[in-house]
Amino acid sequence: MTISPPDLDLVRSLEERALNAWPALNTALCGGWQLRLADGYTKRSNSANPLRPSVAFAETLQLAENFYARHNLPAIFRITPLAPADSAQLLEQAGYRMVDPTQVMTAPLAASGRPAHDVLIEASASQEWSAGFAQANGLPAAAQVAHERILAAITMPAAFATLTVQGQAVAYGLAVAEHGVVGLFDIVVAPAARRGGIATRLVAALLHWGQAQGASSAYLQVHVANQAACALYCKLGFTMQYQYHYWLKP
């Protein structure tokens, strides 16, 4: 079966939205790549990301390695369809290895009903949301500080959702809207409450919020290895648009 190449204009529009939705604490634009820094918390906020590459990748590789070395962080490259064709080969030759293949999925938003009564939506991350998310996701205390700083840096309209069952918070999620599209992030269900349809209800509430912000479509990023999440999003009408992965040194 022949697989059509991704629409690079669509890829770039989703990448720009996702970079805005999950900001780094500091960034530098170099040769059409965004170099991101966030105290080392998450590869997504501490990696080199292609947007409109304008120089040979060998030059970008050296520049990024020097940049991250100055900040006492390892160089990590997030390779999407926007990266130069020879980037993977050059990274492998330089001793990097590929990890965490991830698919970007989108779905159109059809008219939906009323918002769920058991989901609280807040415009910013409360202490309760941050603490609950950290516990449900097993986030170490040291990483929680950087996580909260990233959340506070979001500049687009955002929804922090908490789903409760019998008065107990069991699931958390984040949605960020920008120019007619809503992105989903940080979807987590407490381990004891999983596989009961809770994630579906949480996502539905966030998509409903996105529609209220004028969004007509949604996107998300999910690890290929997370088969349960991939199956859930397919059920909800999401389809894959493209994949990306990270390259780092062992």
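Here's a quick rundown of the structure. (Residues numbered from 1 in each chain as written. Predicted model: local features only at pLDDT ≥ 70, side-chain atom pairs only at ≥ 80, totals over all residues. Heavy atoms only, no water.)

What follows covers unusual backbone geometry. The phi angle of most residues is negative, glycine excepted, and most peptide bonds adopt the trans form. For Asp100, which is not glycine, the phi torsion reads 55 degrees and is therefore positive. Mapped onto the secondary structure, Asp100 falls in strand β5 (residues 97–108). Although it is not a glycine, Asp186 sits at a positive phi angle of roughly 55 degrees. Structurally, Asp186 is set in strand β9 (residues 181–189). (Helix = DSSP H or I, 4+ residues; strand = E, 2+ residues; numbered from the N terminus.)

A few words now on the side chain of Asp118. Position of Asp118 among the secondary structure elements: in the loop between β5 and β6 (119–122). Here Arg201 takes part through its side chain, which lies 2.4 Å from a polar atom of the side chain of Asp118. Excluding residues within four positions of it along the chain, Asp118 makes contact with Thr162, Leu163, Thr164 and Arg201. (Polar contact = N/O pair within 3.5 Å; in protein donor to acceptor, adjacent residues only side chain to side chain. Contact = heavy atoms within 4.5 Å.)

A separate point is the pairing of strand β1 (residues 26–30). Across five bridges, the pairing between β1 and strand β2 (residues 33–37) is antiparallel. Within the sheet, the bridge partner assigned to Leu29 lies in β2 and is Gln34. In this structure, the hairpin formed by β1 and β2 is closed by a connection of two residues, where Gly31 is found at a positive phi of approximately 60 degrees. (Pairing = 2+ DSSP bridges.)

So, about the packing of helix α4 (residues 127–137) against helix α5 (residues 141–152). One can describe the packing of α4 onto α5 by two numbers: an axis separation of 11 Å at closest approach and a directional angle of 130 degrees. By the criterion of interaxial angle, the relationship of α4 to α5 is oblique. As for the relative orientation of α4 and α5, their crossing is right-handed in sense. Two secondary-structure elements touch here, α4 through Trp129, Ser130, Ala131, Phe133 and Ala134 and α5 through Gln144, His147, Glu148 and Leu151. The residue inventory of the contact of α4 with α5, partitioned by class, reads five nonpolar, three polar and one charged. (Axes fitted to C-alpha atoms, helices over the stretch in contact; angles between N-to-C directions. Parallel < 35°, antiparallel > 145°, perpendicular 65-115°, else oblique. Left-handed = near helix turned anticlockwise from the far one by under 90°. Nonpolar A, V, L, I, M, F, W, Y, C, P; charged D, E, K, R; others polar.)

Among the residues of helix α7 (residues 227–235), those classed as buried are Ala229, Cys230, Leu232 and Tyr233. With its buried residues spanning 160 degrees around the axis, α7 presents them on a single face. Set apart from the buried face of α7 by more than 90 degrees, the exposed residues are Gln227, Ala228 and Lys235. Packing partners of the buried residues in α7 comprise β5, β9, α6 (198–212) and β10 (217–223). Positive backbone phi, at 95 degrees, marks Gly237, one or two positions downstream of α7. (Buried < 20%, exposed > 50% of the residue type's maximum accessible area, 1.4 Å probe, protein only. Arc of directions from axis to C-beta.)

With that settled, the discussion passes to the pattern of salt bridges. Within this structure, the stated rule accounts for six salt bridges. Across the pair Arg12 and Asp9 runs a salt bridge whose closest N-O atoms are separated by 3.8 Å. Of this pair, Arg12 and Asp9 both sit in helix α1 (residues 8–21), three residues apart, which is roughly one turn of the helix. A relative accessible area of 15% means that Arg12 is categorised as buried. (Salt bridge = Lys/Arg side-chain N within 4 Å of Asp/Glu carboxyl O.)

Within β9, eight of the nine residues are buried, which leaves the element mostly enclosed by the surrounding structure. In the sheet, strand β8 (residues 168–178) pairs with β9 via seven bridges, with the strands oriented antiparallel. In the sheet register, Glu178 faces β9, and the bridge partner there is Val181. Linkage of β8 to β9, two consecutive antiparallel strands, is achieved through a turn of two residues, within which His179 is found at a positive phi near 50 degrees. As defined by bridge partners, β9 adjoins β10 across four bridges and the pair is classed as parallel. Pairing of Val181 across the sheet is with Ser217, part of β10. Between the parallel elements β9 and β10, the chain passes through α6 in a crossover that is right-handed. (Right-handed = clockwise from strand over helix to strand, strands pointing away.)

In this model, the largest pocket occupies a volume close to 1200 Å³. Contributing to the lining of the largest pocket are 34 residues, with Ile187, Val222, Asn226, Ala229 and Tyr233 lying nearest its centre. Among the elements of the structure, β5, α4, β9, α6, β10, α7 and β11 (239–248) are those that each provide at least two residues to the lining of the largest pocket. For the lining of the largest pocket, the leading source of residues is β9, giving six residues. Looking at the lining of the largest pocket residue by residue, the classes come out as 19 nonpolar, nine polar and six charged. (1 Å grid on protein atoms, 1.4 Å probe; cavity = no way out; pocket = protein on both sides within 12 Å on 5 of 7 lines; lining within 4 Å. Points joined across faces, edges and corners; volume = space filled by probe spheres on them.)

Let us now look at the packing of aromatic side chains. Scanning the model with the defined rule gives 12 aromatic pairs in all. Judged by centre distance (6.5 Å) and plane angle (20 degrees), the rings of Trp22 and Phe185 are stacked. Here Phe185 lies in strand β9 and Trp22 lies in the loop between α1 and β1, a separation of 163 residues in the sequence. Pair check on accessibility: Trp22 and Phe185 agree, each one buried. Measuring from centroid to centroid gives 5.7 Å for Phe57 and Phe77, while their planes differ by 65 degrees, and the two rings are edge-to-face. Of this pair, Phe57 sits in helix α2 (residues 57–70) while Phe77 is found in strand β4 (residues 77–79), placing the two residues 20 residues apart along the sequence. Take Phe57: its relative accessible area is 1%, and that puts it in the buried class. Residue Phe77 is classed as buried on the basis of its relative accessible area of 0%. In this structure an aromatic cluster arises from ring pairing among Trp33, Phe57, Phe77 and Tyr96. For Arg44, the ring lying beneath its charged end belongs to Trp22, and the centroid distance is 4.6 Å. (Phe/Tyr/Trp six-rings, centres within 6.5 Å; stacked < 30°, edge-to-face > 60°. Lys NZ or Arg CZ within 6 Å of the ring centre and 35° of its normal.)

Keep in mind that these numbers describe shape and distance, not what the molecule does.
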